[in-house]
Amino acid sequence: MTKTIIEFIHELGDGGGSVIVKEYCLRLRKDGYRVIVLLAFPAPQTTNYRILKEAGIEIVTVFKNKSFLNRLLNKLFSRFLISRKLRILNMQYKPKAIHAHLCVLKYISPIRKSLYSTKLLYTCHSLPEKYFKGKNKEEYYAAVKLIKSNGMQFIALHEDMAEKLNEMFGIHNTEVLYNGIDIERFKCVNESRKDIRESIGFKDSDFIIGHVGRFTEPKNHKFIVECFQYFSEKNSSARLLLIGAGDWLPEILNSIEQYGLTEKVKILSHRTDVERLMKAMDVFIFPSLYEGLGIAVVEAQAAGLRCVISDNIPKFAVVSNQIICLSLNDSLDKWSEALSGRGKFLTPYSQLSKYDMNLIIKKLESLYE
C-alpha cells in the first residue's frame, strides 16, 4: 500500500523553506510516496507552487484564493479552519507522517489528540528564537504540547541549531538534516556564460555581482544596493543581478532609482533557472542580517562562485575556499575590495557532499518510517 506524507506549510513562496518543501515532494513521490501539500492559500505566481502543480503533486488549500473576504476569514478564524482541514486530511488519508514547516504548530496543537497514530515532524528553517520567542511565543507553547503528547520530532538545519532546540525544549533527540541541493544541477550548466548574459540583457564584458533571495528584511537588500553603488563608482562595468520576489521589492526599486542605478541593475523574479543565472555572475553577495543556514550560499559555491557574505551566516554553509566573510559594521570600502577578490578567504568548515539531496532524502524517509 502506498504510504502518504503530508507536508504542511502555511504558504508556498520563493523562500528557502518553500524550496526545500518542493524538493522533498518531488523526490518523495519519485521514491513511491504519495505526497499531499497543505497550504492556507494557493500561490500560483510563485515558482515552487507552479513546479509542484505541473508535476501533479496534490496541493490542498484551506482558501481558494486571497480575496479580501478570505484574508479576513484567515485573520479571524484561521486557527479553527486550518486545524479542521488538517484533521480531515489526516482522517481521510491516514498519513505515515505530517511534516510541518515554518510557523504552523499552533494549528496542529488543537487537534493533537486526533493525531496519536501519525508521526509528527517539524523542521526549523531559521533561528529558533525567531520562531519561538517574541511574537511567536504561541508557537513555543504549541511545540511543548506536541512534544509531550505526540513525541514530535524536531529537525534542525545544522548542529548548532540542534543544540539550541534541545536546550530550548529540554530534549536531546533533535535530528540534523542539512538543506539538500541537486549538486550536479549547479555544477553542470551546458550553456556558455556569454549566451546566458546576453539572454538577460548583460554584456560579456560586464562585471556581475549577483544575489538570490526573497525581498525581505533579513536578506538586507538595502545594504546590497548601497554596496553596489559604492563599488560601481570605481568600476564602470559593474552590474547587479537580483533574483527573487517579496514584499520589500517596491522599497528596493525606489532605492535603486534614488541612487541612479536603474540602468545597471536587473531584477528577475519567480525563476526556475537559478543555476543558469548563477553561471552569469562573477561574484555572489549575501549580507544577511540573520539566517537559519543560507542555502543560496551553498548553491553559489556548488556553481563555483566566489562569495562575499556577512558574519551572520552559519559556518556550516562554508563548503569551499571561495568565501570572504565580513561584518556589516565593516566599511563599504572593505566590502568593495572583497567583491573585487581582495580579502581573507575562509577555510571550508563543512563539505559540499553533505548537502547532496540524494543522501538527505534517504535520511528524511528513515525519519518518516
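As the structure is a computational prediction, the values presented were derived from the model and not from experiment.

Some words on the sheet that holds strand S8 (residues 207-212)
With respect to topology, 6 strands assemble into an open sheet ordered S10-S9-S8-S11-S12-S13, the strand pairing being parallel. Two strands lie at the open edges of the sheet, namely strand S10 (265-268) and strand S13 (323-326), each paired on one side alone. Taking the axes of each pair of neighbouring strands and ignoring which way they run, one obtains an average angle of 20° across the sheet. Two strands pair when backbone bridges link them, and S8 and strand S11 (residues 283-286) are joined in this way by 2 bridges, in the parallel orientation. By the bridge assignment for S11, Ile 209 is matched with Val 283. Against the sheet, helix H13 (residues 295-302) makes contact with S8, S11, strand S12 (306-310) and S13, and its axis sits at roughly 170° relative to S11, the strand it touches most.

What to know about the sheet that holds strand S7 (residues 175-176)
Ordered in space as S3-S2-S1-S4-S5-S6-S7, the 7 strands form an open sheet in which the pairing is parallel. Of all strands in the sheet, those bounded by a partner on one side alone are strand S3 (58-61) and S7. Pairing of strand S1 (residues 4-8) with strand S2 (residues 34-39), which is carried by 5 bridges, proceeds in the parallel orientation. Considered in S2, the bridge of Phe 8 is made with Leu 38.

A short note on the pattern of salt bridges
In the structure shown here, the tally under the stated rule is 22 salt bridges. With a shortest N-O distance of 2.9 Å, Glu 23 and Lys 22 are connected by a salt bridge. Accessibility classification places Glu 23 together with Lys 22 in one group, the buried group.

Quick look at the pairing of strand S9 (residues 238-243)
Among the 6 residues in S9, 6 count as buried, and that is most of the element. Here S9 shows a buried face lined by Ala 238, Leu 240 and Leu 242 and a second buried face lined by Arg 239, Leu 241 and Ile 243. With 6 bridges joining them, S8 and S9 adopt parallel strand pairing. Note that in S9 the partner of Ile 209 across the bridge is Leu 240. At this point the chain moves from S8, through helix H10 (residues 221-234), to the parallel S9, and the crossover so formed is right-handed. For S9 and S10, the ladder comprises 4 bridges, and the chain directions are parallel. Paired with Leu 240 across the two strands is Val 265, which belongs to S10. At this point the chain moves from S9, through helix H11 (residues 249-258), to the parallel S10, and the crossover so formed is right-handed.

Thresholds applied
Residues numbered from 1 in each chain as written. Predicted model: local features only at pLDDT ≥ 70, side-chain atom pairs only at ≥ 80, totals over all residues. Heavy atoms only, no water. Pairing = 2+ DSSP bridges. Helix = DSSP H or I, 4+ residues; strand = E, 2+ residues; numbered from the N terminus. Axes fitted to C-alpha atoms, helices over the stretch in contact; angles between N-to-C directions. Contact = heavy atoms within 4.5 Å. Salt bridge = Lys/Arg side-chain N within 4 Å of Asp/Glu carboxyl O. Buried < 20%, exposed > 50% of the residue type's maximum accessible area, 1.4 Å probe, protein only. Right-handed = clockwise from strand over helix to strand, strands pointing away.

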